[in-house]
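Next come the chains, spelled out residue by residue.
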Amino acid sequence: MIERFDPLKGERLRVLDEDGRAAPDLDPGLSDAVLRALYERMVRTRTADAKALKLQRQGRLGTYAPSLGHEAAQVGLASAMTADDWFFPYFRDLGAYLTLGYPLADYFHFWMGHEAGLRTPDGLNIFPISIPVGSQIPQAVGAGIAVKSRKLRAAVVTTFGDGATSEGDFHEGLNYAGVYRTPNVFVCINNQYAISVPRSHQTAAATIAQKALAYGFPGVQVDGNDVLAVYAAAREALATARSGGGPTLIEAYTYRLGDHTTSDDAARYRAKEEVQEWVLKDPLARFRRHLALKGLWDEASEKEIQAAAADSVEKAVAEAEARPPASVDDIFAYTYAAMPPDLEIQRAELKASLPEGRR
Ligand SMILES: Cc1ncc(C[n+]2csc(CCOP(=O)(O)OP(=O)(O)O)c2C)c(N)n1
């Protein structure tokens, strides 16, 4: 199906129209239970995201990169992954984390300033969040080579923004993946901005998806506000990767409805009218319309879903905040399995410089 949408012709994969009606030939045909689960995950993501913003404003959480508007892209992608696949995330991936089963308390704990929150629980194939833009891409390709050489049946997924496509890491990673046909799925969450830099300043190419063609593998642009389109593209790309068919680049075309981070004020570089246009394309509202058309949604079920999401988010906050404060050791503990001697020395120096109670 991916091959049917030519990025050079500006074709974009879309399953749901704005009214929530699915195109019959593109609909991934998910069961009612799975459709409901997709919606619940999107609502939980939005609820947790809004909570993180409030916590930051109250001084209870550090700088935070909001996911508002990205829920369909994040949940659609992660819902198509299996437990054997690997994930190399970026810093705006809350819905993917939740969908893959990462404990929300741990996720909050990380954003509250604790590296321990990114210690992935056993059984989840998730690498830590990459803050340096694009640095996760070559790492994911390296993991792809490992998966391939061990003949494992797994795909390696990595996410990044449109800004990351201007980094050397993007080009080096995709070029290598194309040459060695690694089992990678590259997912560019094109939210139209890299902080204040608009997508038009990132590349002169008409789409990001078409860049894959230069590396010798398929690229597809999907409507990133359409959870079923993202799911359908991801399911196909993942299956191709797992079965030795090589990499795919998916461009999820979407919009960041909030600020870049809690330290940003997007009103200084984006027109209100532009934001409003995208508010009308809200991925949750569109999917809700789809569920309603199928008789899978009503006001009563909405209340239940919202209440369950709010409850789980409040519990996660309480759990994260009940944890002890970070120690000096935590600053040094999470980079190396065995600490190198120069870091031992730095740790000892730092401790010696602090008053007794803060060591
Ligand atoms: C190598 C590097 N350069 C600059 C930064 C500062 N920085 C953080 S996020 C960001 C913009 C990223 O934009 P994009 O890749 O489009 O992702 P988005 O934040 O829009 O989701 C920049 C420049 C960084 N973290 N790493």
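Every residue gets a number counted from 1 within its own chain, in the order that chain's sequence is written. Local features in a predicted model are, by the rule used here, given only for residues with pLDDT of at least 70; side-chain atom pairs are given and counted only at 80 or more, and totals for whole chains, interfaces and linings are based on all residues. Think of the side-chain values as coming from all heavy atoms in the structure, minus any hydrogens and water.

### What to know about the layout of surface pockets
Step number 1: Buriedness for pockets is judged along seven lines, at least five of which must meet protein on both sides within 12 Å for an open set on the 1 Å grid over protein atoms alone, while cavities are sets there where a 1.4 Å probe fits but cannot get out, and lining residues have an atom within 4 Å of a point. Grid points are joined across faces, edges and corners, and a volume is the space filled by probe spheres set on the points. Here the largest pocket is characterised by a volume of approximately 420 Å³.
Step number 2: Forming the walls of the largest pocket are 19 residues, and the residues nearest its centre are Glu115, Leu118, Pro128, Ile129 and Tyr334.
Step number 3: The residue makeup of the lining of the largest pocket, split by class, is 12 nonpolar, four polar and three charged.
Step number 4: Each domain's extent is set by a domain assignment, obtained either automatically or from a database. Three or more residues apiece are contributed to the lining of the largest pocket by two domains, here domain 1 (2-326) and domain 2 (327-359).
Step number 5: Computed from the structure, the second largest pocket encloses a volume of approximately 200 Å³.
Step number 6: Around the second largest pocket, the lining comprises 16 residues; the ones closest to its centre are Phe91, Val133, Gly163, Ala194 and His260.
Step number 7: Only Asp, Glu, Lys and Arg are considered charged in this grouping, and only Ala, Val, Leu, Ile, Met, Phe, Trp, Tyr, Cys and Pro are considered nonpolar; every other residue, Gly among them, is considered polar. Its residues assigned to classes, the lining of the second largest pocket shows eight nonpolar, six polar and two charged.

### Describing the domain arrangement of the protein
Step number 1: Domain annotation of the protein identifies domain 1 (2-326) and domain 2 (327-359).
Step number 2: Placing a centre on the C-alpha atoms of domain 1 and another on those of domain 2 gives a separation of 35 Å.
Step number 3: Contacts between the two partners involve five residues from domain 1 and, on the opposite side, four residues from domain 2.
Step number 4: With both sides pooled, the region where domain 1 packs onto domain 2 buries about 390 Å², and carbon together with sulfur makes up 60% of that total. Residues count as neighbours in contact if any of their non-hydrogen atoms are within 4.5 Å of one another. Accessible surface is computed with a 1.4 Å probe, and the buried area is the amount of it that two parts give up when combined, taken over both parts together.

### A word on the packing of helix 1 (residues 32-57) against helix 10 (residues 283-293)
Step number 1: Between helix 1 and helix 10, whose axes approach to 11 Å, the crossing angle comes to 155°. In terms of axis orientation, helix 1 runs roughly antiparallel to helix 10. Taken as a pair, helix 1 and helix 10 cross one another with a handedness that is left-handed. Along the contact surface, helix 1 presents Leu35, Leu38, Tyr39, Met42, Val43 and Arg46, while helix 10 presents Pro283, Leu284, Phe287, Arg288 and Leu291.
Step number 2: Looking at the contact of helix 1 with helix 10 residue by residue, the classes come out as nine nonpolar, no polar and two charged. For helices, the fitted axis covers only the stretch in contact; all axes are lines through C-alpha atoms, and the angles between them, taken along N-to-C directions, range from 0 to 180 degrees. Under the DSSP-based scheme used, a helix requires at least four consecutive residues in state H or I and a strand at least two consecutive residues in state E, with every element numbered from the N terminus. Here the word oblique covers every angle except those under 35 degrees (roughly parallel), over 145 (roughly antiparallel) and from 65 to 115 (roughly perpendicular). We call a crossing left-handed when the near helix sits turned anticlockwise from the far one by less than a right angle, and right-handed when that turn is clockwise.

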